[in-house]
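What follows is the residue order along each chain.
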Amino acid sequence: MSVALWVVVPYIALTVFVVGHVWRWRVDQFGWTTRTTQVLESRLLRLGSPLFHLGVLAAIGGHALGLLVPKGWTEAVGVSEHAYHLVSVTAGTVAGVMVVAGLALLLARRLTSPRVRRTTTRTDKALFAVMAVVILLGMAGTVGENLIGGGYDYRATIAVWFRGVLTLRPDPSLMTGVPLIFQLHALSAWVFLAMWPFTRLVHVWSAPVAYLWRPYVVYRRRTARPGSTR
Amino acid sequence: MRVLAQVAMVMNLDKCIGCHTCSVTCKQTWTNRDGVEYVWFNNVETKPGVGYPKRYEDQERWRGGWQLDRRGRLKLRAGGRARRLLNLFANPDLPQLDDYYEPATYDYDTLINAPAGPHTPVIRPKSAITGDDMAITWGANWEDDLGGAPEHAHGDPNLAAMAEKVRLEFDRTFMFHLPRICEHCLNPACVAACPSGAMYKREEDGIVLVDQDRCRGWRMCVSSCPYKKVYVNHRTGKAEKCTFCFPRIEAGQPTVCAETCVGRLRYIGLVLYDADAVLDAARVADPRDLLEAQRKVFLDPDDPAVAEAARASGISDDWIEAARRSPIYRLAMRYRVALPLHPEYRTLPMVWYIPPLSPVLDAVTGAGADADDPDNVFHAITDLRIPLDYLASLFSAGDTEVVAGVLMKLSAMRAHMRARTLDGAVSGDLLESVGMPAADLEEMYRLLAIAKYEERYVVPAAHREDAAALSAQAGGCSLDGDGGPGMSEFHPAALTGRRTDGRTGLKLFVGKGGTP
Ligand code: HEM
Ligand code: SF4
Ligand code: SF4
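Given the structure is predicted, the values throughout are model-derived calculations rather than measurements.

Novice: Would you explain the coordination of the iron atom of ligand 1 in this entry?
Specialist: Note on metal geometry: ideal angles are 109.5 degrees for four donors arranged tetrahedrally and 90 or 180 degrees for six donors arranged octahedrally. All names here are of chain A. Protein coordination at the iron atom of ligand 1: the donors are His53 (NE2) and His203 (NE2), at 1.9 to 2.1 Å from the metal. Taken together, the six donor atoms coordinating the iron atom of ligand 1 and their angles of 86 to 179° define a geometry best described as octahedral. Placement of the pair is His53 in helix α2 (residues 43-68) and His203 in the loop between α9 (180-195) and β1 (219-220), with a sequence separation of 150 residues.

As structure tokens, then:
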């Protein structure tokens, strides 16, 4: 059972995530978009979208830090467990509140603006549902265990297991003693990752940083390969 | 000098009767689809009026086009690159659907399905976006022929810049129609604003397009175009714009809007220009110098040195020949009667306009004078500040001299042809006063009044050996895909996933608007 949950599920999700992206990139350039709805509703979006996005980007950064950086490393540079805990819980809570508030606004917008509601697809609905579950479980874990409760050192268990999954040395036993709320958060996150390539979330990989140094006006000539920029 | 060719258009506004045929045929061809119900690649607005979308000319509000920064460098009005990337999550300058209008349809079925009864069944307007009942309160040309102008037209940003007195008087003095398409600018703000590099200007003919496969829906082009001629398809989440009917142009045919124009007032032809001179022209300090600066970017195709340089940059002889016969070059450069729309946006637009003389003539007649007498008209042109100021704010960054000069020429042309036809007498004074020889005036008359099809449209076909590559460059058809114009008909590719370009084209995730 624990192998199924903490080894099989992650690898299925990761495979779908990777293969799904490759497949979608090759087959569906036309569908690769944010699918902006700002012309339909702007007021709530202008509040909700930046809140949500900045919060999510911070949260992703936090996850990377918490899950990928071994505890030994931070301690080696002199960050005590207490200091780390303090920073991660405060920053995590701030980011989490931004994400939740932003998501609430985006959801409210999807529900209350008839124009946005009617143009919401089934994929959008599934995405929002799963995303909300992941985020709420994550928040519940952070607030319930770490802020109110005694504090849970996930870097001794979850993070080690997660790095094991990535380095192909998964150890399901690490996850068995983890509080239920974190277990559920991790499981729902795998579902979320598996959905990712099939939703509008693919826009994340197209974040246009190259724009910062590109020449302003783009010309294209027939000798250029179709689809390339000069 | 790097010579490029640009397909350009001139519209003779005196002849526009505001029939909207151009808009309708364009819509049937390009935007007759879900997701772009509200989009008019070609629209015709009544001036004075707020336009489509509302008050799009108010760049304080929408921040489209370019401006000079304190050090005189060219910068998008919406801010620098980093600043706009930070605004990606929500674009502060994006027009809303209500700034265009909420598209409506009718529940036509009611007419057929209503049970028999004493009353004729009535159909009700339904929003084409939500399907709900709606009241139609705005449209792409709601104030057609100044309808409702006393209530709305003072919102026209061009009037706002003028004196109080003018604002109250305009509806008694003049009105004209302004047909608009994308300007296919030499310095396109839309292309410069596109974060993913999906928008491009074709080197072959200057047409500005959106690569539908590379657009990621950041919608920065929409707000950065000062003419608001890029639109969001709210179903695909991607940008779409006027294509200058490139498949027709490549085949040597005029655009649909030009071909079907009832007034036969549109001209299409090539202009050769120096691509290296574009940015310097766009950043001259005084906006009133922009017109002359842009003219300097254009190259004289009769100049052997230009022809030589054109050949060196790969422009073929038949294209150079077409550039020599170009009605655009004649109207803009030789006769100098065509002017760019809002040169102060600094995009160097390539759809130019011959400003209308009719507002002045109407005013002369209205004052009880004879509008056929050139003296009356000349006086009216200079005395009637109202139409002149207004036209200048549209076509010459406020320089009334320029507009007055053009109107004088148009008026002199009429007087000259009239005198010549009636008694053969040609007035030297008249010709001198506008600085045009009789031969030029007569040629201009042929082009403007007789307006033969072959003279209006001088469109050299793309070379057959290149045509295939040109189309491929646009990804088969740049708009071919679910929700694209190529998909408005039954398209087997939607079922088989096989596309003409050899790739698989399954469309799974772009949902249908309205049917979640
Ligand atoms: C990396 C930089 C990112 C950029 C530049 C970006 C940009 C955008 C833009 C422009 C939209 C469209 C908003 C609209 O006009 O309707 C959008 C929507 C969205 N983005 Fe992002 N995004 C980024 C990262 C992310 C990440 C990391 C996530 C979550 C994992 C995310 C989740 C979403 C969602 C759920 C929507 C839909 C919002 C709605 O329509 O209600 N984005 N994003
Ligand atoms: S008028 Fe056309 S080419 Fe010019 S900025 Fe607007 S969309 Fe771009
Ligand atoms: S078809 Fe010609 S005359 Fe009619 S509105 Fe369009 S531009 Fe004007």
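Novice: What am I meant to see in the interface of chain B and chain A here?
Specialist: Many descriptions give the size of an interface as the accessible area lost when the pieces come together. With 77 residues of chain B in contact, the opposing surface of chain A contributes 55 residues. Taking both sides of the interface into account, the surface hidden between chain B and chain A amounts to around 6,000 Å²; carbon and sulfur atoms contribute 56%. For Glu102 of chain B, the salt bridge identified is with Arg115 of chain A, shortest N-O distance 2.6 Å. The interface formed by chain B and chain A holds 34 residue pairs in polar contact (both at pLDDT 80 or more) in total. Only α3 (81-86), α4 (97-100), α9 (189-193), β8 (199-202) and α25 (464-473) of chain B provide two or more residues apiece to the side of chain B that touches chain A. Counting residues per element, the side of chain B that touches chain A draws most heavily on α25 of chain B, which supplies five residues. Split into classes, the residues belonging to the side of chain B that touches chain A amount to 36 nonpolar, 21 polar and 20 charged. In terms of strand pairing, β1 of chain A meets β8 of chain B through two bridges, oriented parallel. Residue pairing in the sheet places Tyr219 of chain A in a bridge with Lys201 of chain B of β8 of chain B.

Novice: What should I look at first to understand the packing of aromatic side chains in this one?
Specialist: The description of two aromatic rings rests on the distance between their centres and on the angle between their planes. If you walk through the whole model with that rule in mind, you get 27 aromatic pairs over all chains. When the centroid spacing of 6.1 Å and the interplanar angle of 75° are considered together, the rings of Phe17 of chain A and Trp196 of chain A count as edge-to-face. With Phe17 of chain A in helix α1 (residues 2-27) and Trp196 of chain A in the loop between α9 and β1, this pair connects stretches of sequence that are 179 residues apart. Phe17 of chain A gets classed as buried once you look at its relative accessible area, which sits at 18%. On the basis of relative accessibility, which here comes to 9%, the residue Trp196 of chain A falls in the buried class. A centroid spacing of 5.7 Å and a plane angle of 40° characterise the contact between Tyr353 of chain B and Phe395 of chain B, whose relative ring orientation is tilted. Of this pair, Tyr353 of chain B sits in strand β15 (residues 351-354) while Phe395 of chain B sits in helix α20 (residues 385-395), and the two are 42 residues apart along the sequence. The rings of Tyr38, Phe41, Tyr52, Tyr100, Tyr101 and Tyr231 of chain B are connected pair by pair, giving a single aromatic cluster. Above the ring of Tyr211 of chain A, the side-chain terminus of Arg81 of chain B is found at 5.6 Å from the ring centroid. Its guanidinium or amino end placed over the ring of Tyr56 of chain B, Arg180 of chain B lies 3.7 Å from that ring's centre, counting from NZ or CZ.

Novice: Mind showing me how you'd approach the packing of α2 of chain A against helix α7 (residues 158-166) of chain A here?
Specialist: Helix packing for two helices is described by the angle between their axes and how far apart those axes are. All names here are of chain A. Close contact between α2 and α7 brings their axes to 8 Å; oriented N to C, the two are set at 90°. With respect to α7, the axis of α2 lies roughly perpendicular. For the pair α2 and α7, contact is made by Gly66, Leu67 and Leu68 and by Ile158, Ala159, Phe162, Arg163 and Leu166, respectively. Classifying every residue of the contact of α2 with α7 by side-chain character gives six nonpolar, one polar and one charged.

Criteria and thresholds
- Residues numbered from 1 in each chain as written.
- Chains lettered and ligands numbered in written order.
- Predicted model: local features only at pLDDT ≥ 70, side-chain atom pairs only at ≥ 80, totals over all residues.
- Heavy atoms only, no water.
- Donors = N, O, S within 2.8 Å, 3.2 Å for Na, K, Ca; no water.
- Tetrahedral: all angles 85-135°; square planar, octahedral: opposite > 155°, others 65-115°.
- Helix = DSSP H or I, 4+ residues; strand = E, 2+ residues; numbered from the N terminus.
- Contact = heavy atoms within 4.5 Å.
- Buried area = accessible area lost by both parts, 1.4 Å probe.
- Salt bridge = Lys/Arg side-chain N within 4 Å of Asp/Glu carboxyl O.
- Polar contact = N/O pair within 3.5 Å; in protein donor to acceptor, adjacent residues only side chain to side chain.
- Nonpolar A, V, L, I, M, F, W, Y, C, P; charged D, E, K, R; others polar.
- Pairing = 2+ DSSP bridges.
- Phe/Tyr/Trp six-rings, centres within 6.5 Å; stacked < 30°, edge-to-face > 60°.
- Buried < 20%, exposed > 50% of the residue type's maximum accessible area, 1.4 Å probe, protein only.
- Lys NZ or Arg CZ within 6 Å of the ring centre and 35° of its normal.
- Axes fitted to C-alpha atoms, helices over the stretch in contact; angles between N-to-C directions.
- Parallel < 35°, antiparallel > 145°, perpendicular 65-115°, else oblique.

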